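Analysis of the macromolecular model
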Amino acid sequence: MLLVAVNALVGATLGQERTVLPLLASQTFHLGLYTSALTYILAFGASKAAMNYFAGTLSDRFGRKPVLLAGWLAAIPVPAMLILAPDWGWVIAANVLLGISQGLTWSTTVIMKMDLVGPKQRGLAMGFNEAAGYLGLALTALATGYLASAYGLRPAPFLLGAAYIALGLGLTALTVRETHHHAKAEAAQHVSSHGSAHAGLTTGQVFTLTSFTDRSLSSVSQAGMVNNLNDGLAWGLFPVLFAGAGLSLDQIGILAAAYPAVWGAGQLFTGAASDRWGRKWLIAAGMLVQAVGLAVVAAGHAFGPWLAAAILLGLGTAMVYPTLLAAIGDVAHPTWRARSVGVYRLWRDGGFAVGALLSGLLADLYGIPAAIAAVAALTSLSGLVVALRMRGHDHRAR
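Each chain carries its own residue numbering, running from 1 in the written order of its sequence. Local features in a predicted model are, by the rule used here, given only for residues with pLDDT of at least 70; side-chain atom pairs are given and counted only at 80 or more, and totals for whole chains, interfaces and linings are based on all residues. Water and hydrogen atoms were dropped before computing side-chain values, which therefore reflect all heavy atoms in the structure.

Points about the environment of Ala-377
Each helix is a run of H or I in the DSSP string that is no shorter than four residues. Each strand is a run of E no shorter than two, and both are numbered from the N terminus. Among the structural elements, Ala-377 can be located in helix H17 (residues 368-389). As a C-alpha pair, Ala-377 and Thr-57 span 320 residues in sequence and 35 Å in three-dimensional space.

Here it is as structure tokens:
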């Protein structure tokens, strides 16, 4: 539960940007092109993806707690940089640091929970972890919407972020304990789910297996990437679309919060459901529900339909998000599970960068609704890949 609380603060630290930064780009820095406005998501996604990969390897080498601490230390300058930023370059630099921080902290809380729970309740534990992170994000997105409408876009929303970072660093330093020895104990009794997932794999072999060659691991990696591609789109373009339709800052804050709130709360149930019913069909169906939500956003013009779409999008993401992480844990051997989680999260959070580029380019060329519709089609295709390629029995292989 301590790690759940720490991850709520990790999510909340990211939430300080959710409502405010897209509006800062258009209203304060007057960035005309969507592609240039979304550079902060590209910077965040690329640095977070890289750090996810290293978090797995570093936590195997040095232990989990030092990596978690390093992540919090990296976040310290971020609120001040966003408050004082004289130009957009500062915002991009702050997001590189935020990506490094999120990659190290969030990845490590995932790995530590997998260490602690063992195979039977992995989905439940991932549900708790991701629910805490995204509810923290959602509540902060809502709070910053209100703070921005009452006190302006800067500095008030980012002062909240500074408080979260101080609290997260203090909690980690004083109360969190090392969990690596739990993974070593589990490894001693582990039965591999199939031949290629044995203990003695190099980091390069883990990368290839997770990315391309294992049917389940690679299906999960591509679904994670597409999931965060559409999250990058939602983060960067939804507030601009809603503002363009004449919605107030308060309404934009509600819509920016509704999607991660449903996503966050839903994971309390979907993670446990995947332990009972299996991972595959929950993931495939969740991708299709997300695609429907995106299509409704593309077609909508008012607060009501957009709220319904945000709820659908949150529900679909909740079905997918903890289930993907648990599916990695099902197949990966405990000796290289942290590295496999790192590779999966490299691809998944690479989706932020791809999503920012793709949706920005499409929005500049054809408008925001067309960009959203294209990503909806891509999301449904990803669900189809999972349905056709992923093995259906891995979570019972224990």
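Examining the side chain of Arg-345
Among the structural elements, Arg-345 can be located in helix H16 (residues 337-366). Buried charge Arg-345 goes without a salt bridge, the closest partner of opposite sign being Asp-349 at 4.3 Å. Contacts are residue-level and defined by heavy atoms, with any inter-residue pair within 4.5 Å sufficient. Ignoring any residue separated from it by four or fewer positions in sequence, one finds Arg-345 in contact with Lys-48, Ala-49, Asn-52, Gln-102, Trp-106, Ser-107, Val-110, Leu-325 and Gly-350. Each residue is assigned to one of three classes by its accessible area relative to the maximum for its type, calculated with a 1.4 Å probe on protein chains only: buried under 20%, partly exposed between the two thresholds, exposed over 50%. As used throughout, the charge tally considers Lys and Arg to be positive and Asp and Glu to be negative, leaving His and the chain termini uncounted. A pair is scored as a salt bridge if a Lys or Arg side-chain nitrogen falls within 4 Å of a carboxyl oxygen belonging to Asp or Glu.

So, helix H9 (residues 156-175)
Residue pairs spaced three or four apart in an α-helix point in one direction, given the helix's 3.6 residues per turn. Each helix should span, by expectation, one fewer than its residue count multiplied by 1.5 Å. Across its 20 residues, H9 extends 29 Å between first and last C-alpha, which sits within 8% of the 28 Å expected from 1.5 Å per residue. Within the span of H9, buried status applies to Ala-156, Pro-157, Phe-158, Gly-161, Tyr-164, Ile-165, Gly-168 and Thr-172. Residues of H9 that are buried make contact with helix H1 (2-18), helix H2 (20-28), helix H5 (64-75), helix H6 (78-84) and helix H8 (122-151).

Looking at the pattern of salt bridges
A full pass over the atoms with the stated rule returns 11 salt bridges. Here Asp-60 ties to Arg-64 by a salt bridge, and the two come within 3.0 Å at their closest N and O atoms. With its nearest N and O atoms 3.7 Å apart, the salt bridge here joins Asp-330 to Arg-122. You can see Asp-330 sitting in helix H15 (residues 303-331) and its partner Arg-122 sitting in helix H8, a full 208 residues away along the chain. Residue Asp-330 shares its accessibility class with Arg-122, and that shared class is buried. Residues participating in the shared-partner salt-bridge network are Asp-60, Arg-64, Asp-115, Arg-337 and Arg-339.

Things to note about a nonpolar patch on the surface
Patch criteria: residues need more than 30% relative accessible area and no salt bridge. Like-charged residues are merged within 9 Å; nonpolar side chains of Val, Leu, Ile, Met, Phe, Trp and Tyr are merged within 5 Å. A 1.4 Å probe and the Shrake-Rupley method give the accessible areas. Residues count as covered only by the protein chains that appear here. Taken together, the side chains of Val-354, Leu-358, Leu-378, Leu-381, Leu-384 and Leu-388 define a hydrophobic patch exposed on the protein surface, amounting to about 530 Å² of accessible area. Where the nonpolar patch is concerned, the elements lending two or more residues are H16 and H17. Per-element tally for the nonpolar patch: the top contributor is H17, with 4 residues. Turning to its location among the elements, Leu-381 is positioned in helix H17.

Quick look at the packing of helix H12 (residues 215-244) against helix H14 (residues 280-299)
Taken N-terminus to C-terminus, the directions of H12 and H14 make an angle of 20°; their axes are 12 Å apart at the nearest point. Accordingly, the angle class assigned to the pair H12 and H14 is roughly parallel. In this structure, the crossing between H12 and H14 has a hand that is left-handed. Facing Val-220, Ala-223, Val-226, Asn-227, Asn-230, Leu-233, Phe-238 and Leu-241 of H12, the residues of H14 in contact are Ile-283, Met-287, Gln-290, Leu-294 and Val-297. By the convention adopted, Pro, Cys, Tyr, Trp, Phe, Met, Ile, Leu, Val and Ala count as nonpolar, Lys, Arg, Asp and Glu as charged, and the other residues, Gly among them, as polar. Taken together, the residues that form the contact of H12 with H14 break down as 10 nonpolar, 3 polar and no charged. Structural elements are reduced to axes, namely lines fitted to C-alpha atoms, with helices fitted over the stretch in contact, and the angle between N-to-C directions of any two is expressed from 0 to 180 degrees. Oblique is the label for any angle not covered by the other classes, which are roughly parallel (under 35 degrees), roughly antiparallel (over 145) and roughly perpendicular (65 to 115). Definitions for this section: a left-handed crossing has its near helix turned counterclockwise from the far helix by less than a right angle. A right-handed crossing has that turn clockwise.

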